[in-house]
Amino acid sequence: MTPDLVSVIMPAYNAQRTLRASVLSVREQTYPSLELIIVDDGSRDGTTGLICELARADHRLRVLYQPSNNGVAAARNAGIDAAQGSYIAFLDSDDRWHPHKLDLQITHMRRTGALVSYTAYDRVAEDGHVLSRVRPPAMVTHDDMLRSNHIGNLTGIYHRSLGEARFLAVGHEDYVFWLDLVRRAGGASCVPYADALAWYLVHGGSLSSDKLRAARWQWHIYRDIERLGWAAASHYMCHYAWQAMRKRH
């Protein structure tokens with residue numbers, strides 16, 4: 001592993017429309033030591049050709065190809081396996097970063113000794129207007145994370161001294177991933193920057209049935225992954241539902 005290098009993992013599946021802007025937001029980072037690993041997860045539109053074009057323009061961009069669509073968890077795990085940096089960050093192919101995001105975040109981690117960090121971010125509609133700003137607390141523990149997912153995956157960074165980290169192919173795989181890393185690290189720290197350092201694209205067409213499915217996923221995490229009893233799982237489930245509504249307003 002290269003000590004100061006940040007490996008940015010970006011899964012891409014049929015992302016021709018949004019990929020260029022996401023990649024540009026990584027290329028424009030003021031932090032000098034980074035690599036961008038794009039995992040083409042069996043795309044069938046023009047994504048593959050676009051990735052090749054972008055890779056020719058920047059030697060820091062590395063490309064992995066998966067012949068079939070294996071899903072975002074498998075794509076991120078493949079990126080982690082190929083990463084050369086001591087720090088790992090994630091950005092999906094339809095989200096974007098502030099130019100100083102990595103610079104501010106790595107400086108904060110070095111100053112505080114945090115092994116996991118995160119930032120505030122904006123939830124943005126497809127037409128570009130901001131739906132809400134997610135302002136996470138200054139510090140979170142594993143117990144805090146059981147109550148709500150305070151780490152937006154597009155904002156999180158962890159140091160690889162925490163050991164091998166894997167995404168599980170379950171609903172809310174981002175949440176399960178950071179829940180585990182915060183437990184290992186003993187806590188996580190938010191970059192003390194007032195404005196959003198990332199923009200999360202919210203796609204239209206969300207259905208109430210999706211919310212019911214998400215609730216089932218959350219219950220599965222509490223009962224089958226975290227091994228909580230029925231009473232404890234119910235307690236955290238109420239907190240999680242309340243915090244989820246707050247994030248959207």
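Structure: see above.
Residues numbered from 1 in each chain as written. Predicted model: local features only at pLDDT ≥ 70, side-chain atom pairs only at ≥ 80, totals over all residues. Heavy atoms only, no water.

A.B. asks: What exactly am I supposed to notice about the sheet that holds strand β8 (residues 130–134) here?
C.D. replies: Where strands meet in a sheet, backbone hydrogen bonds hold them as pairs that are either parallel or antiparallel. The mixed open sheet is built from 4 strands, whose spatial order is β5-β12-β7-β8. Among the strands making up the open sheet, the edge pair consists of β5 (96–97) and β8. Of the pairings in the sheet, the one linking strand β7 (residues 121–124) to β8 comprises 4 bridges and is antiparallel in character. Bridge pairing links D122 to R133 in β8. (Pairing = 2+ DSSP bridges. Helix = DSSP H or I, 4+ residues; strand = E, 2+ residues; numbered from the N terminus.)

A.B. asks: Could you clarify how one ought to interpret the environment of S22 in this entry?
C.D. replies: Considering the arrangement of structural elements, one finds S22 in helix α1 (residues 19–27). A residue is classified by how much of its surface remains accessible, and S22, at 1% relative accessible area, is buried. S22 sits 109 residues away from L131 along the chain, and the two C-alpha atoms are 19 Å apart. Not counting residues within four places of it along the chain, the set of residues in contact with S22 comprises M10, L91, D92, S93, D94, D95 and R96. Of note is the side chain of S22, whose polar atom sits 2.7 Å from the backbone oxygen of D95. (Buried < 20%, exposed > 50% of the residue type's maximum accessible area, 1.4 Å probe, protein only. Contact = heavy atoms within 4.5 Å. Polar contact = N/O pair within 3.5 Å; in protein donor to acceptor, adjacent residues only side chain to side chain.)

A.B. asks: Hey, could you run me through the packing of aromatic side chains in this one?
C.D. replies: The way to describe two aromatic rings as a pair is by their centre distance and the angle between their planes. Under the defined criterion, the tally for this structure stands at 10 aromatic pairs. Summarising the aromatic geometry, the rings of W219 and W230 are spaced 6.3 Å apart at their centres and angled 75° between planes, so their arrangement reads as edge-to-face. Highlighted residues: W219 in helix α7 (residues 208–225) and W230 in helix α8 (residues 230–247), separated in sequence by 11 residues. According to the relative accessible area criterion, W219 is partly exposed, its value standing at 28%. Feature note: the residues F90, Y158, F167, F177 and W178 constitute an aromatic cluster, connected by ring pairs. (Phe/Tyr/Trp six-rings, centres within 6.5 Å; stacked < 30°, edge-to-face > 60°.)

A.B. asks: Explanation requested: the nonpolar core in the structure shown.
C.D. replies: Among the nonpolar cores identified, the biggest contains 35 residues, and F90, V116, Y158, F177, W178 and Y222 are the most heavily contacted of them. The element contributing the most residues to this core is helix α6 (residues 173–185), with 7 residues. Formed by 28 residues, the second largest nonpolar core is a distinct cluster that contains I51, L61, L91 and L102. (Core = buried A, V, L, I, M, F, W, Y, C linked by side-chain atoms within 4.5 Å.)

A.B. asks: How do you make sense of the pattern of salt bridges when you look at a structure like this?
C.D. replies: Two side chains bearing opposite charge may form a pair once their charged atoms approach each other closely. All chains considered together, the criterion is met by 15 salt bridges. The closest approach of N and O atoms between D174 and R76, which form a salt bridge, is 2.4 Å. One end of the pair, D174, is in helix α6; the other, R76, is in helix α3 (residues 72–82), and 98 residues separate them in sequence. Taken together, the salt bridges that share partners define one network made up of R27, D58 and R60. (Salt bridge = Lys/Arg side-chain N within 4 Å of Asp/Glu carboxyl O.)

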